[in-house]
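# Examining the three-dimensional arrangement
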Amino acid sequence: MRITKEDVGRISILARLKLSEDDQSLFAEQLSGILQVIDSLDEVDTGDMNRMISPAGLTNVFREDVVLPSIDPEEALKNAPDKEGAFFKVPRILEAD
Amino acid sequence: MRLNELKAHELLPLIRRHEVTVEEAVTETLDRIAALDGTIQAYITVAREHALQRAKEADARLAKGEPPRPLEGLSIAIKDNICTKGIRTTGASRYLEDFIPPYDATVIERLEDAGAIVVGKTNMDEFAMGSSTENSAMFSTRNPWNLNRVPGGSSGGSAACVIANEAVFALGSDTGGSIRQPASFCGIVGLKPSYGLVSRYGLIGYASSMDQIGPMTRDVRDCALILNVIAGNDPRDSQSYPGELPDYAGCLVPEISGLTIGVPKEFLEEGLSGPVRDAFMKALDRLEELGARVVEVSLPHVRHALAAYYVISSAEAGSNLARLDGVRYGYRAPGQEDSASMMAASRGEGLGPEVKRRIVLGTYVLSAENREKYFNEALRVRSLISRDFQEVFKTCDCLVGPTSPTVAFEAGEKTRDPLEMYLSDVYTVPPNLAGIPGISVPCGFDEEGMPVGLQIMGKQYDEATLLRIAYAFEQATDFHRRRPEVPQKTYQSESAGGERSV
């Protein structure tokens, strides 16, 4: 399967990842090559095999509902690019009108 | 012999008997880093003051008569995707260039409780995506055996610093071969434990259903000593193995007669280089001389492992790295009007090309129209590969093969074509998909003096047998005793990556 520059552009919006025009073209070419290899999965008869999500083979792991110490807000905010009081600060999230 | 050249199990008795102080041992390692790392460039951050402070504290404890701890005074290097409280942790990404974790990974807590001392954070491919450490956003690490070759990856800095005596041992992480392949390229021992054996808490997640932290050491005994400390249940890792564990160092007897060792024929097909094949064949002879029964086996679906791996790992990476949103930590692109553009621009500017490529691939295979064809199908193929291993382990105690199809390649040789780079992991990816352990041990050198690694794969959670076979092989050979000669150049004279201290 080939992947086009337009596909890459569309996916990059879904992934919230700004890509230059050059990167979009380059990735389209490189990912098409990678998809050729991945398409070999089509040849495999997987019948009724289950989808293997984790090799740990665990089901629900329960614990007592007890409060444990956690990082205090000041520590947690130390690496923030922008903050105000006890909060992370971001540019506006709603349209102006 | 200098202190920094000693293995963990050689240095520990000297410290326990008070023949050497912790400060002396740690200082020799730090001096070695200062002398050599301008050339090797294994470290992103050297935590000199931190290490000396901890060394003094350890000496004070010992002077008071407190009993020495299991790894007392050993200098450890930590791959830079494992969180160290108060010590910068970058994942070799511009995005996290200034990130100082507010907490320690579980493995760090355990190692420090056992008396080990962090001397620095090692270079890697950005967010562990790569096989040569050339995808680091900081700089490339050189292979101590030949400075024009790569050290492998993604744990290339950890492998290089261990063989160059710039640390007593190191931690790496392995999602598709990132401990074993650089161990093979640098001529050391590298173990990827069974999935769930070592806690992932505090590891910067790449593909969480395959990620494991493991030891990178100069011999198998050191590997067992470290595993004893880092393995074990951790409630903070939802996939952590809850069972009882043996004393791995106590399992090291050089005795393997009567064991059955399988050789998957798929590992010896096209793509395997001549020198690696030759060294591997000699290793098989050696295992037979030691009394093991060597049989050919087949893993019929393993030829699809690389395809399944790149679908699953990219999908998980795309999801995992959604946490890099420019809000809570890391890079934020300046001058953006609204949050959505801020996130897209921060990721676009802060991440390197391989990481972006995998986010795009991961998003593509998870998108509504492709999910069934790629992602779900890859998970079914993963089940088949896992079943193949379970079948052969009914008759075999372990499997062996080459760790990588080639020895360390030239720097720049594979950076143009991502697919070419991926093929370097063709033998290491299957154990990650199945969740079984794999170890690389030195098994020879090619005619240009580059090391070759033997991969031994074991049953899930049976690291004891795996380590015993690795130990028996190692004790019957002397490849693990060789060291490279590295020309020295101090890092003060040529800074490899900006500031190099905490």
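Everything discussed here concerns the structure shown above.
Our subject in this report is the structure included herewith. (Residues numbered from 1 in each chain as written. Chains lettered and ligands numbered in written order. Predicted model: local features only at pLDDT ≥ 70, side-chain atom pairs only at ≥ 80, totals over all residues.)

## Comments concerning the interface of chain B and chain A
Frequently, the measure chosen for interface size is the accessible area removed from exposure when the parts meet. Contacts between the two partners involve 55 residues from chain B and, on the opposite side, 46 residues from chain A. The set of elements that each furnish at least two residues to the side of chain B that touches chain A consists of helix 9 (305-320), helix 10 (339-350), helix 11 (353-366), helix 12 (371-392) and helix 13 (418-422) of chain B. In terms of residues, the side of chain B that touches chain A owes the most to one element, helix 12 of chain B, which gives 11 residues. Across the side of chain B that touches chain A, the residue classes break down as 28 nonpolar, 17 polar and 10 charged. (Contact = placed C-beta atoms within 7 Å. Helix = DSSP H or I, 4+ residues; strand = E, 2+ residues; numbered from the N terminus. Nonpolar A, V, L, I, M, F, W, Y, C, P; charged D, E, K, R; others polar.)

## Let's talk about the sheet that holds strand 9 (residues 398-402) of chain B
Residue and element names in this part refer to chain B. The 11 strands are arranged 1-3-2-4-6-5-10-11-9-7-8 in an open sheet whose pairing can be described as mixed. Looking along the sheet, the strands with just one partner apiece sit at the ends: strand 1 (43-46) and strand 8 (293-297). When strand polarity is set aside, the average angle formed by the axes of neighbouring strands in this sheet is 30°. Relative to strand 11 (residues 451-458), strand 10 (residues 438-445) runs antiparallel, the two sharing 7 bridges. (Pairing = 2+ DSSP bridges. Axes fitted to C-alpha atoms, helices over the stretch in contact; angles between N-to-C directions.)

## Overview of the packing of helix 2 (residues 21-38) of chain A against helix 9 of chain B
Packed helix pairs are characterised by how far apart their axes lie and by the angle those axes make with each other. The interhelical angle for the contact between helix 2 of chain A and helix 9 of chain B, taken along N-to-C directions, is 125°, at an axis separation of 8 Å. By the angle class used here, helix 2 of chain A and helix 9 of chain B are oblique. For the pair helix 2 of chain A and helix 9 of chain B, contact is made by A:Ile34, A:Val37 and A:Ile38 and by B:Ala307, B:Tyr310 and B:Val311, respectively. Counted by class, the contact of helix 2 of chain A with helix 9 of chain B contains 6 nonpolar, no polar and no charged residues. (Parallel < 35°, antiparallel > 145°, perpendicular 65-115°, else oblique.)

## Side note on helix 12 of chain B
Taking 1.5 Å per residue, 22 residues should reach 32 Å; helix 12 of chain B reaches 31 Å between its end C-alpha atoms and fits that length. Where helix 12 of chain B bends most, at B:Glu377, the angle is about 30°. Three or more residues of helix 12 of chain B are buried, namely B:Tyr374, B:Phe375, B:Glu377, B:Ala378, B:Leu379, B:Val381, B:Arg382, B:Leu384, B:Ile385, B:Ser386, B:Asp388 and B:Phe389. Along its buried surface, helix 12 of chain B packs onto helix 2 of chain A together with helix 9, helix 11 and helix 14 (429-434) of chain B. (Expected span 1.5 Å × (residues − 1). Bend = angle between axes of the 7 residues up to and from the residue. Buried ≥ 20, exposed ≤ 12 C-beta atoms within 10 Å, placed from the backbone.)

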